[in-house]
Amino acid sequence: DQQVKQNSPSLSVQEGRISILNCDYTNSMFDYFLWYKKYPAEGPTFLISISSIKDKNEDGRFTVFLNKSAKHLSLHIVPSQPGDSAVYFCAASVINDMRFGAGTRLTVKP
Amino acid sequence: EAGVAQSPRYKIIEKRQSVAFWCNPISGHATLYWYQQILGQGPKLLIQFQNNGVVDDSQLPKDRFSAERLKGVDSTLKIQPAKLEDSAVYLCASNPRAAPGYNSPLHFGNGTRLTVT
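Here the structure is a predicted model, which is why all the values come from computation and not from measurement. (Residues numbered from 1 in each chain as written. Chains lettered and ligands numbered in written order. Predicted model: local features only at pLDDT ≥ 70, side-chain atom pairs only at ≥ 80, totals over all residues. Heavy atoms only, no water.)

Participant: Can you walk me through the nonpolar core in this structure?
Facilitator: Most often, soluble globular proteins keep nonpolar side chains buried together rather than apart. Ranked by internal contacts, the top residues of the largest apolar core, which has 24 residues, are Phe33, Trp35, Leu73, Leu75 and Tyr88 of chain A. Residues in contact with Tyr88 of chain A, not counting those within four places in the same chain, are Gln6, Leu21, Trp35, Tyr36, Lys37, Leu47, Leu75, Ile77, Gly103, Thr104 and Leu106 of chain A. In terms of nonpolar packing, the next biggest core, distinct from the first, is built from 21 residues, Val4, Trp34, Leu60 and Tyr90 of chain B among them. (Core = buried A, V, L, I, M, F, W, Y, C linked by side-chain atoms within 4.5 Å. Buried < 20%, exposed > 50% of the residue type's maximum accessible area, 1.4 Å probe, protein only. Contact = heavy atoms within 4.5 Å.)

Participant: I tried to follow the packing of aromatic side chains on my own but got confused; where do I start?
Facilitator: The geometry of an aromatic ring pair is captured by two quantities: the separation of the ring centres and the angle between the planes. On inspection of all chains with the given rule, the structure shows 12 aromatic pairs over all chains. Each ring, one from Tyr25 of chain A and one from Phe30 of chain A, has its centre 6.1 Å from the other, and the planes form 65°; the classification is edge-to-face. Among the aromatic residues, those joined into a ring-pair cluster are Tyr36, Phe46 and Phe100 of chain A together with Tyr33, Tyr35 and Phe108 of chain B. (Phe/Tyr/Trp six-rings, centres within 6.5 Å; stacked < 30°, edge-to-face > 60°.)

Participant: Just to check I follow, could you spell out the sheet that holds strand 3 (residues 19-25) of chain A for this structure?
Facilitator: All names here are of chain A. The antiparallel open sheet is built from 5 strands, whose spatial order is 1-3-8-7-6. Among the strands making up the open sheet, the edge pair consists of strand 1 (4-5) and strand 6 (56-59). Pairing of strand 7 (residues 62-67) with strand 8 (residues 72-77) involves 6 bridges; the strand directions are antiparallel. The partner of Leu66 across the bridge, within strand 8, is Leu73. (Pairing = 2+ DSSP bridges. Helix = DSSP H or I, 4+ residues; strand = E, 2+ residues; numbered from the N terminus.)

Participant: In this structure, what is going on with the sheet that holds strand 7 (residues 65-68) of chain B? I would like to understand it.
Facilitator: Hydrogen bonds along the backbone pair up the strands of a sheet, which may run parallel or antiparallel. Residue and element names in this part refer to chain B. The strand order 1-3-8-7 describes an open sheet built from 4 strands, whose pairing is antiparallel. Taken across any chain shown, the strands that pair with only one partner, and hence form the sheet edges, are strand 1 (5-7) and strand 7. Taken over all neighbouring pairs, the strand axes of this sheet differ in orientation by 15° on average, direction set aside. Where strand 7 and strand 8 (residues 75-79) come together, 4 bridges link them in antiparallel fashion. Bridge assignment links Ala67 to a residue of strand 8, and that residue is Leu77. (Axes fitted to C-alpha atoms, helices over the stretch in contact; angles between N-to-C directions.)

Participant: Before we go on, may I ask you to explain unusual backbone geometry in this structure?
Facilitator: Trans peptide bonds make up the majority, and among non-glycine residues the majority have a negative phi. Omega for the bond connecting Val78 of chain A with Pro79 of chain A falls within 30 degrees of zero, at -10°, which places this linkage in the cis form. Following the sequence through the fold, Pro79 of chain A ends up in the loop between strand 8 and strand 9 (86-94). In this structure, Pro8 of chain B follows Ser7 of chain B across a cis peptide bond, with omega equal to -5°. Within the fold, Pro8 of chain B resides in the loop between strand 1 and strand 2 (10-13). Residue Arg16 of chain B is not a glycine yet carries a positive backbone phi of 80°. The topology assignment puts Arg16 of chain B in the loop between strand 2 and strand 3 (19-24).

Participant: Mind showing me how you'd approach the interface of chain B and chain A here?
Facilitator: In many analyses, interface size is given as the accessible surface area lost on bringing the parts together. Between chain B and chain A, the contact holds 23 residues from the first and 23 residues from the second. Counting the surface lost from both chain B and chain A, the interface buries some 1,700 Å², and carbon and sulfur atoms represent 56% of this. Where chain B touches chain A, the interface holds 3 residue pairs in polar contact (both at pLDDT 80 or more). (Buried area = accessible area lost by both parts, 1.4 Å probe. Polar contact = N/O pair within 3.5 Å; in protein donor to acceptor, adjacent residues only side chain to side chain.)

Participant: It is not clear to me how the pairing of strand 6 of chain A should be interpreted in this structure. Could you clarify?
Facilitator: On any regular strand, side chains alternate: one points to one face of the sheet, the next to the other face. Residues and elements named next belong to chain A. Sheet analysis places strand 6 next to strand 7, joined by 4 bridges and oriented antiparallel. Bridge pairing in strand 7 links Asp59 to Phe62. Here strand 6 hands over to strand 7 after 2 residues, with Gly60 in that stretch at a positive phi of 65°.

Participant: Any chance you could explain the state of the cysteines here in plain terms?
Facilitator: Covalent bonding between the sulfur atoms of two cysteines is what defines a disulfide. Under the defined criterion, the tally for this structure stands at 2 disulfides over all chains. Two residues, Cys23 of chain A and Cys90 of chain A, share a disulfide whose sulfurs are 2.0 Å apart. Note on the Cys23 of chain A and Cys90 of chain A pair: the S-S dihedral is about -70°, so by sign convention the disulfide is left-handed. In this pair, Cys23 of chain A sits in strand 3 while Cys90 of chain A sits in strand 9, placing the two residues 67 residues apart along the sequence. When sorted by exposure, Cys23 of chain A lands in the same class as Cys90 of chain A, which is buried. Here Cys23 of chain B is linked by a disulfide to Cys92 of chain B, with a sulfur-sulfur distance of 1.9 Å. Since a negative S-S torsion denotes a left-handed disulfide, the Cys23 of chain B-Cys92 of chain B link at about -70° is left-handed. Residue Cys23 of chain B is found in strand 3, and its partner Cys92 of chain B is found in strand 9 (residues 88-95); the two are separated by 69 residues along the sequence. For Cys23 of chain B, a relative accessible area of 0% translates into the label buried. (Disulfide = S-S within 2.5 Å.)

On their own, these measurements won't tell you what the molecule is for.
What follows is the structure, given as structure tokens:
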């Protein structure tokens, strides 16, 4: 059962522009959402998270937005840099249960 | 701090053979996880330990997969016998708390890429 979905397998943007990665979830019990970034041959690394009681969390160039009524979250990267090129996983958690989306491959072109 | 260590990085075996993966979590992290990531999919939890006790192994195929975490530190995951569909990256992660929380995300190792031929 896919409780966390990333419907775009890939995204390509120009350097300096905004990257928007989207994620949808089905379980309304999830109370904690995260984004992980993964480079080839490395494990996922934590990027940013948001609690279900908030609708926005910002950390430098990265902002995560949560729309609980739509069960949707998004990651905004502004401005995008070539080093941001990686696979981004959305994850959602409740108690011990953490589910991951299938990932979106972001390519930032110079 | 040193990260989560995993070995080997790569393993190629034939179907019906057995294989074992090793993980050393970040020092002091109480909770350890094994995830399976099949190409094109997100990581899927296989088993979660808190110290040396199993918290959740509901998605572990227990007829062929086994895992242990002796002394509450490092852990091994074994597959016996392997099937073609076990080809995946096996990721180990650790967390200092009993469960992931807002300021306590999982820390992943670099994984072991298993190819079953």
